[in-house]
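This is what each chain is made of:
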Amino acid sequence: QVQLVESGGGLVQAGGSLRLSCAVSGRTINGYDMGWFRQAPGKEREFVATITWRASVTDYADSVKGRATISRDNARNTVSLQMNSLKVEDTAVYYCAESKFYRAGYSLGNYDYWGQGTQVTVSS
């Protein structure tokens, strides 16, 4: 059974940084695209970033482009999201997800497995 567990969330002041991590168990992530999504209170879950299985292609939501970096370590079965220059509007629960599709992109429906999420709260 594939399980994804996020960590690294917390409370941070605007302008600060956080590094989110996602540990995957149950099978290797080698061969699977990985993504990060987020959901703010009262809003729909939205795409943040994605990385192909060889880390050859990354893509970001416009709202985080230039402030976020997604990376992966296939040997450690982990995916990370470095977020810098955090804004109050980045406050959300952040989810890690795995896709069997290559270039899975921003569509939630392309992702098969999801973690439980980690809360990120940015204060002004």
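To be clear, the structure that these remarks concern was listed above.
First things first, this report covers the structure right here in the doc. (Residues numbered from 1 in each chain as written. Predicted model: local features only at pLDDT ≥ 70, side-chain atom pairs only at ≥ 80, totals over all residues. Heavy atoms only, no water.)

1. Regarding the state of the cysteines
Condition: By definition, disulfides here are pairs of cysteine sulfur atoms that lie within 2.5 Å. Strands are runs of DSSP state E lasting at least 2 residues, helices are runs of H or I lasting at least 4, and numbering of each runs from the N terminus. Any residue under 20% of the maximum accessible area for its type is buried, any over 50% is exposed, and the rest in between are partly exposed; the area is computed with a 1.4 Å probe on protein chains only.
The final tally for this structure, using the stated rule, is one disulfide. Bridging Cys-22 to Cys-96, the disulfide has an S-S length of 2.2 Å. Handedness here is read from the sign of the S-S torsion; for Cys-22 and Cys-96, about -80 degrees, the answer is left-handed. One end of the pair, Cys-22, is in strand β3 (residues 18-25); the other, Cys-96, is in strand β9 (residues 92-99), with 74 residues separating them in the sequence. The class of Cys-22 is buried, set by a relative accessible area of 0%. Residue Cys-96 is classed as buried on the basis of its relative accessible area of 0%.

2. Points about the pairing of strand β7 (residues 68-73)
As a reminder, the rule being used: At least two DSSP bridges between two strands are needed for those strands to be called paired.
Along β7, the buried face is formed by Ala-68, Ile-70 and Arg-72; none of Thr-69, Ser-71 and Asp-73, which line the opposite face, is buried. In this structure, the hairpin formed by β7 and strand β8 (residues 78-83) is closed by a connection of four residues, where Asn-77 is found at a positive phi of approximately 60 degrees.

3. A word on the sheet that holds β7
Quick reminder of the rule: Simply put, an axis is a line fit to the C-alpha atoms, just over the touching stretch for a helix, and the angle between two N-to-C directions goes from 0 to 180 degrees.
In space, the four strands of this open sheet follow the order β1-β3-β8-β7, with antiparallel pairing throughout. What marks the edges here is a single partner per strand, and that holds for β1 (3-7) and β7. Neighbour to neighbour, the strand axes of the sheet diverge by 15 degrees on average, direction disregarded. Note: β3 against β8, six bridges, orientation antiparallel. Bridging across to β8, Leu-18 finds its partner in Met-83.

4. Focus: the side chain of Thr-50
Applicable threshold: Pairs of N or O atoms are called polar contacts if they sit within 3.5 Å, as long as, within protein, a hydrogen donor faces a hydrogen acceptor (for residues adjacent in sequence, only side-chain-to-side-chain pairs). In what follows, a contact means two residues having at least one pair of non-hydrogen atoms within 4.5 Å.
Here Thr-50 lies in strand β5 (residues 46-51). There is a polar contact of 3.1 Å between the side chain of Thr-50 and the backbone oxygen of Met-34. The residues touching Thr-50, leaving out its near neighbours within four places in the chain, are Met-34, Gly-35, Val-57, Thr-58, Asp-59, Ile-70, Gly-105 and Tyr-111.

5. Regarding the nonpolar core
Basically, it comes down to this: By nonpolar core is meant a set of buried Ala, Val, Leu, Ile, Met, Phe, Trp, Tyr and Cys residues that side-chain atoms within 4.5 Å join together.
By size, the foremost hydrophobic cluster in this structure holds 32 residues, and its most contacted members are Met-34, Trp-36, Ile-70, Leu-81 and Tyr-94. Looking at this core, the elements that each hand over two or more residues are β3, β4 (33-39), β5, β7, β8, β9 and β11 (118-123).

6. Things to note about the pattern of salt bridges
As a reminder of what qualifies: The salt bridge criterion pairs a side-chain nitrogen of Lys or Arg with a carboxyl oxygen of Asp or Glu, the two atoms within 4 Å.
In the structure shown here, the tally under the stated rule is seven salt bridges. Between Lys-100 and Asp-112 there is a salt bridge, with the nearest N and O atoms lying 3.0 Å from each other. In this pair, Lys-100 sits in the loop between β9 and β10 (113-114) while Asp-112 sits in the loop between β9 and β10, placing the two residues 12 residues apart along the sequence. Accessibility expressed as a relative area gives 52% for Lys-100, which makes it exposed. You can call Asp-112 partly exposed: its relative accessible area is 31%. In this structure, a network of salt bridges that share partners links the residues Arg-38, Glu-46, Arg-67 and Asp-90.

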